[in-house]
Number of protein chains: 2
Amino acid sequence: MKKIPEDISSTIGDADCVVLATHVHPDGDAVGSLLGLAQILKDMNKKVFCYLEEPVPYLYRFLPGCEMVNTSIEELGVFVEENPNSIAISLDCGDRDRLGKHHHRLLEIEPFLVIDHHRSHKNFGSHRWIDSDRSSTGEMVYELAEHMRAVISYRSAYNLYVAISTDTGSFCYESTTSRTLRIAADLVDAGVSPDEVSGYIYNNYTLERIQLMEKVLSTLTLYEHDTLAVIRVSRQMFEESGALPEDVEGFIDFPRSINSVKVAVFIKESRKEVVSVSLRAKGEVDVAEIAKIFGGGGHRNAAGFRFNDKSASQVQQIVIDELKRVISRPPTL
Amino acid sequence: MKKIPEDISSTIGDADCVVLATHVHPDGDAVGSLLGLAQILKDMNKKVFCYLEEPVPYLYRFLPGCEMVNTSIEELGVFVEENPNSIAISLDCGDRDRLGKHHHRLLEIEPFLVIDHHRSHKNFGSHRWIDSDRSSTGEMVYELAEHMRAVISYRSAYNLYVAISTDTGSFCYESTTSRTLRIAADLVDAGVSPDEVSGYIYNNYTLERIQLMEKVLSTLTLYEHDTLAVIRVSRQMFEESGALPEDVEGFIDFPRSINSVKVAVFIKESRKEVVSVSLRAKGEVDVAEIAKIFGGGGHRNAAGFRFNDKSASQVQQIVIDELKRVISRPPTL
């Protein structure tokens, strides 16, 4: 694991006003590390502006400090104008484009710090701390706070715990280290209840999500002696069930949980003309390499990419052909 | 949390030969703490006899040291005869009867030590360490090993990690403390891979289970303004999917995970002429009380019962009528 670059901690320590941003379609680590760091900085008496292109997804509305998120790029402009010494920090974002359609406006802020743990991180910003050995950006924010000797209040701890818990699948994924577990222990000592947090994360779904789950499971198809599992969601399924795009979160764990499966694929008709693909592996196949072929990125066991000009069926065929090729290849050990 | 009674650690420390036992139908904590302590004692050059009434369940056959388990009460007799100074330790067992049909034979061994974390523990044995504030018996075995300054090898650590992880629902349940997480961190430092263990525990399902899951989800019905959710499994679904009765484990978590739901019901056509019912609640409704009406039992948030003379549809109607009555009743606070 990499040490915190001194310019990162000193720049943040010296700043009075900070703009925080994360990736579009934010997950638990994105929102949790954003709100966690925002609270830590506020507790250090800094002015904070939390920018997100769209409101916090309903799944994460239980996080303390959600109301800090501002989706107005105009108000961001006013904040930076009124506080010309503002610095910006991008959290959990592997690519400048994923900051959203106003990423150019955000990147005009200088210095622009980047804290991220994605293996496929594409460098941007003026100062960077990228560590793919970290379970989550939430874990990095905790290290930063400890390095700055900042107080971690209950509200900060709560957000960071959610960030770490969601990005490790509740301490199950490969990225979980003993350091991850010790940080989680510190956050519990700061008042977080693992039981309460887990209730919000894992027992807070809509009826529409369960109805969509049934439809998606009906698409399950296995290939290559059941080593490759594919599920799909169509726009029609969203319309029929009334579920939201974020309701598919976690669905890929179902095909992944089958004992014979080496790679699970989830093909999503998200917006008009866009088909996105998520890949999950169990260590044998490096899905980040496959995502790279299609212009995407991610980690060894979790990666993704998207197509703008193909139907879901076309995408399914292309992806399966590529995966069949990789899976049938003898391992190079 | 309670300190380890000095007589427990000194009796174990002084013993040369130890008989270990746990409860029938053992779960991950039972098997993991049994094999974990067995390995720790073997590494201290003690003779160990691991007794279980039936072979280790299929789900836990991946645990290192499974082959140590002996199901022969006759061989246990020979071991104790050859090693007359043997002591016995019961792990994770809340009641002497749950040691199995030969519990009298086991309890003839003196001293008989008991290590357990069940709240409903019914005292037995000559020396006891009962601590219901502990997440798992695996956690208590770790504390014992540390107290005795025993070496925790990779094999011991692996078993104790599985014990703790399974009994906390991967660090989600109320019993998870910061100490639990720090012990897990120590076990990771001893070489355990959370990813590998989780793979065995949570990604080891059959394709048939996922196919059955789709069928069961299609039966989801909501009542009483979506506060009451019911799912069903029929014998036909088992036949069509080829899934086994144990494959429905965890299915009730889907209706329970809906945010509006107060009580989730799972109606199972299990054997011929038998319909069993599982109930899960979230604290507001005491489902043990409802189970009692129908001759069943359980805890406040998890209970069950069965009917031998009714069809699944009849059972569904009876149970829903009763639950509607309870849910619509104003709370007595």
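The structure we're discussing is the one just above.
Note that residues are indexed from 1 along each chain, following the sequence as it is written. The naming scheme follows written order: chains are lettered A onward, ligands numbered 1 onward. Only residues with pLDDT of at least 70 get local features here, since the model is predicted, and only at 80 or more are side-chain atom pairs given and counted; chain-wide, interface and lining totals rely on the full set of residues. The side-chain quantities take in all heavy atoms of the structure and omit both hydrogens and water.

1. Considering the sheet that holds strand β11 (residues 297-298) of chain A
Residues and elements named next belong to chain A. We treat two strands as partners when DSSP finds at least two bridges between them. A run of DSSP states H or I qualifies as a helix once it reaches four residues; a run of E qualifies as a strand once it reaches two. Both are numbered from the N-terminal end. The sheet built from 6 strands is open, its strands ordered β7-β8-β9-β10-β12-β11 with mixed pairing. Edge positions in the sheet fall to β7 (221-223) and β11, since each of these pairs with one other strand and no more. Where strand β8 (residues 228-233) meets strand β9 (residues 263-269), 6 bridges bridge the pair, whose relative direction is parallel. Counterpart to Val-230 in the pairing with β9 is Val-265.

2. Quick word on the interface of chain B and chain A
Quoted interface sizes are often the accessible area lost when the parts come together. Contacts between chain B and chain A engage 39 residues on the former and 39 residues on the latter. Definition used for salt bridges: Asp or Glu carboxyl oxygen within 4 Å of a side-chain nitrogen of Lys or Arg. For the interface between chain B and chain A, the tally reads 4 salt bridges. Taking the shortest distance from any N to any O, the salt bridge between Asp-189 of chain B and Arg-182 of chain A comes out at 2.9 Å. Within 3.5 Å is the distance limit for a polar contact, defined as a pair of N or O atoms, with the added protein rule that one can donate a hydrogen and the other accept it, and that residues adjacent in sequence qualify only through two side-chain atoms. At the junction of chain B and chain A, the tally comes to 15 residue pairs in polar contact (both at pLDDT 80 or more). Elements supplying a minimum of two residues to the side of chain B that touches chain A: α7 (178-189), α8 (194-202), α9 (207-217) and α11 (253-256) of chain B. If one sorts the elements of the side of chain B that touches chain A by residue count, α7 of chain B sits on top with 8 residues. Residues that form the side of chain B that touches chain A fall into these classes: 19 nonpolar, 11 polar and 9 charged. Only heavy atoms enter the contact rule, under which two residues are in contact if any of them lie within 4.5 Å. The classification used treats Ala, Val, Leu, Ile, Met, Phe, Trp, Tyr, Cys and Pro as nonpolar, Asp, Glu, Lys and Arg as charged, and all other residues, Gly among them, as polar.

3. Points about the sheet that holds strand β2 (residues 47-51) of chain B
Residue and element names in this part refer to chain B. Strand order in the open sheet formed by 6 strands is β3-β2-β1-β4-β5-β6, and the pairing between neighbours is parallel. Edge positions in the sheet fall to β3 (69-70) and β6 (127-130), since each of these pairs with one other strand and no more. Examined bridge by bridge, strand β1 (residues 17-22) and strand β4 (residues 87-91) share 5 bridges and lie parallel to one another. Its bridge partner lying in β4, Leu-20 is registered against Ile-89. All axes here are fitted lines through C-alpha atoms, helices being fitted over the stretch that makes contact, and every angle between N-to-C directions spans 0 to 180 degrees. Against the sheet, helix α2 (residues 28-43) makes contact with β1, β2, β3 and β4, and its axis sits at roughly 170° relative to β1, the strand it touches most. Across the sheet, helix α5 (residues 137-147) touches β4, β5 (112-116) and β6, and the angle it forms with β5 is around 120°.

4. Notes on the nonpolar core
In these notes, a set of buried Ala, Val, Leu, Ile, Met, Phe, Trp, Tyr and Cys residues joined through side-chain atoms within 4.5 Å is what counts as a nonpolar core. Working definition: with a 1.4 Å probe on protein chains only, accessible area under 20% of the residue-type maximum means buried, over 50% means exposed, and in between means partly exposed. In this structure, Ile-12, Leu-20 and Ile-89 of chain A together with Leu-20, Ile-89 and Leu-187 of chain B are the most contacted members of the largest nonpolar core, which totals 108 residues. Beyond its immediate chain neighbours, meaning those up to four positions away, Leu-20 of chain A contacts Leu-34, Leu-37, Ala-38, Leu-41, Val-48, Phe-49, Cys-50, Tyr-51, Ile-89 and Leu-91 of chain A. Counting 42 residues, the second-largest nonpolar core is a separate cluster that includes Val-216 of chain A together with Phe-238, Ile-252 and Ala-264 of chain B.

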